[in-house]
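Each chain is listed here by its residues.
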Amino acid sequence: LVKEEEDDAIKVHILLTMADQFMDKEGEERHLAKILEQILEVQPDSIDAARSLVPVYRTLGKWDNLVETMELVLAGDPDLEDEARLALLLDKAQVQEDRLRQLDEAFFTYVQAYQVDWRDSEVHRELERLAEASGNWDSYVSVLEQTLELIEDEDYKVQYLIRIAE
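Residue numbers restart at each chain and count upward from 1, following the sequence in its written direction. Per-residue local features are limited, in this predicted model, to residues with pLDDT of at least 70; the limit for side-chain atom pairs, both in listing and counting, is 80 or more; totals at the level of whole chains, interfaces and linings are taken over all residues. Heavy atoms throughout the structure, all of them, feed into the side-chain values; hydrogens and water do not.

(A) Focus on the packing of aromatic side chains. Each pair of aromatic rings taken from Phe, Tyr and Trp, with Trp reduced to its six-membered ring, is defined by centres within 6.5 Å and is described as stacked if the planes are under 30 degrees apart, edge-to-face if over 60, and tilted in the remaining cases. A full pass over the atoms with the stated rule returns three aromatic pairs. A centroid spacing of 6.2 Å and a plane angle of 50 degrees characterise the contact between Trp 118 and Tyr 156, whose relative ring orientation is tilted. Placement of the pair is Trp 118 in the loop between helix H6 (103–116) and helix H7 (121–134) and Tyr 156 in helix H9 (residues 154–165), with a sequence separation of 38 residues. Between Trp 137 and Tyr 140, the ring centres sit 5.5 Å apart and the planes meet at 80 degrees, which makes this aromatic pair edge-to-face. Of this pair, Trp 137 and Tyr 140 both sit in helix H8 (residues 137–148), three residues apart, which is roughly one turn of that helix. Helix numbering and strand numbering both begin at the N terminus, where a helix is a DSSP run of H or I of at least 4 residues and a strand a DSSP run of E of at least 2.

As C-alpha cells, this is what we get:
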C-alpha cells in the first residue's frame, strides 16, 4: 500500500498511522524503527520521526544510528530549547564515548554542549576530562579562550585565565 502510493504526503500519513500502532508496544521496536526510517526516506527533515527513533534505537542498541538521529534532531530543530539541546548533546556525547568509543567525537560534542551553556560546571568537567583522554588540549584551550570573550565578571575571568594557564 505504502510503496504503491505516489503522493509523499499520503505516504507519510499512512506510515504515521502505522507507527502509532507500534508506539509504546514492547517487542515491536524493530517494526517501529522500519516504519520511522521509511518516513525519513520520504521526508528526510521529519523531526518528529527522528525524535521517535531516538528511544527505539537506544532500545535496539543501534548506537551509530542513534547518534546520527540525534544529530538530525539537533540540526533540524531550530526551536529546540537550550535545556533540551544540552540534554541531547550530553546524551550523544555519552553514547559516543561509552558505546562507540569515539573519544574525539565525544569531545567535540561536549564542545557543542559547552557552547550552549558554558556556565554548567558538569559540562566543563566532562569537556576537560575528554580533552585529556582524547589529547585535544589545544582545542580545549581554544574553547576556553573563546569563552573569555563572553565573561563580563572580572573575578570569573581571572578563574578562567588560571584554568587556561594550567
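Read on for the rest.
(B) Geometry of H6. With 14 residues, H6 should cover 20 Å at 1.5 Å per step; its first-to-last C-alpha distance of 20 Å lies within 8% of that length. Turning to H6, its buried residues are Ala 106, Phe 107, Thr 109, Tyr 110, Val 111, Ala 113 and Tyr 114. Expected helix span is computed as 1.5 Å times (number of residues minus one). Each residue gets one of three labels from its accessible area relative to the maximum for its type: buried under 20%, exposed over 50%, partly exposed in between, using a 1.4 Å probe on protein chains only.

(C) Spotlight on the environment of Gln 43. Along the chain, Gln 43 falls in the loop between helix H2 (29–42) and helix H3 (47–60). The sequence separation of Gln 43 and Leu 53 amounts to ten residues, and the corresponding C-alpha distance is 14 Å.

(D) Inspection of the packing of H2 against H3 at higher detail. Simply put, an axis is a line fit to the C-alpha atoms, just over the touching stretch for a helix, and the angle between two N-to-C directions goes from 0 to 180 degrees. Interhelical geometry of H2 versus H3 gives an angle of 145 degrees and a closest axis separation of 9 Å. The way H2 lies across H3 gives a crossing that is left-handed. Together, Glu 29, Arg 30, Leu 32, Ala 33, Leu 36, Glu 37, Ile 39 and Leu 40 of H2 and Ala 49, Ala 50, Ser 52, Leu 53, Val 56, Tyr 57, Thr 59 and Leu 60 of H3 make up the contact between the two elements. Residue classes in the contact of H2 with H3 are distributed as eleven nonpolar, two polar and three charged. Working rule for handedness: look at the near helix, and if it is turned counterclockwise from the far one by less than a right angle, call the crossing left-handed; if clockwise, right-handed. Pairs of residues are marked as contacts when any of their non-hydrogen atoms sit within 4.5 Å. Put simply, Ala, Val, Leu, Ile, Met, Phe, Trp, Tyr, Cys and Pro go in the nonpolar bin, Asp, Glu, Lys and Arg in the charged bin, and everything else, Gly too, in the polar bin.

(E) Main features of the nonpolar core. With 46 residues, the main nonpolar core has Leu 36, Leu 66, Phe 107, Tyr 114, Leu 127 and Tyr 160 as its most contacted residues. Excluding residues within four positions of it along the chain, Leu 127 makes contact with Phe 107, Tyr 110, Val 111, Tyr 114, Tyr 140 and Val 143. We define a nonpolar core as any set of buried Ala, Val, Leu, Ile, Met, Phe, Trp, Tyr and Cys residues linked to one another through side-chain atoms lying within 4.5 Å.

(F) Region of the structure containing the pattern of salt bridges. Salt bridges, as used here, are contacts in which a Lys or Arg side-chain nitrogen is within 4 Å of a carboxyl oxygen on Asp or Glu. Evaluation of the coordinates by the stated rule reveals six salt bridges. For Arg 51, the salt bridge is made with Asp 77, and the minimal N-O distance between the two is 2.0 Å. Here Arg 51 is found in helix H3, whereas its partner Asp 77 is found in the loop between helix H4 (63–76) and helix H5 (82–99), with 26 residues between them in sequence. Its relative accessible area of 37% is what places Arg 51 among the partly exposed residues. Glu 126 serves as the salt-bridge partner of Arg 129, at 2.5 Å between the closest nitrogen and oxygen. Remark: Glu 126 and Arg 129 occur in helix H7; sequence separation between them is three residues, near one turn of the helix. Glu 126 sits in the partly exposed class, given a relative accessible area of 22%. A single network of salt bridges, built from pairs that share partners, joins Asp 48, Arg 51 and Asp 77.

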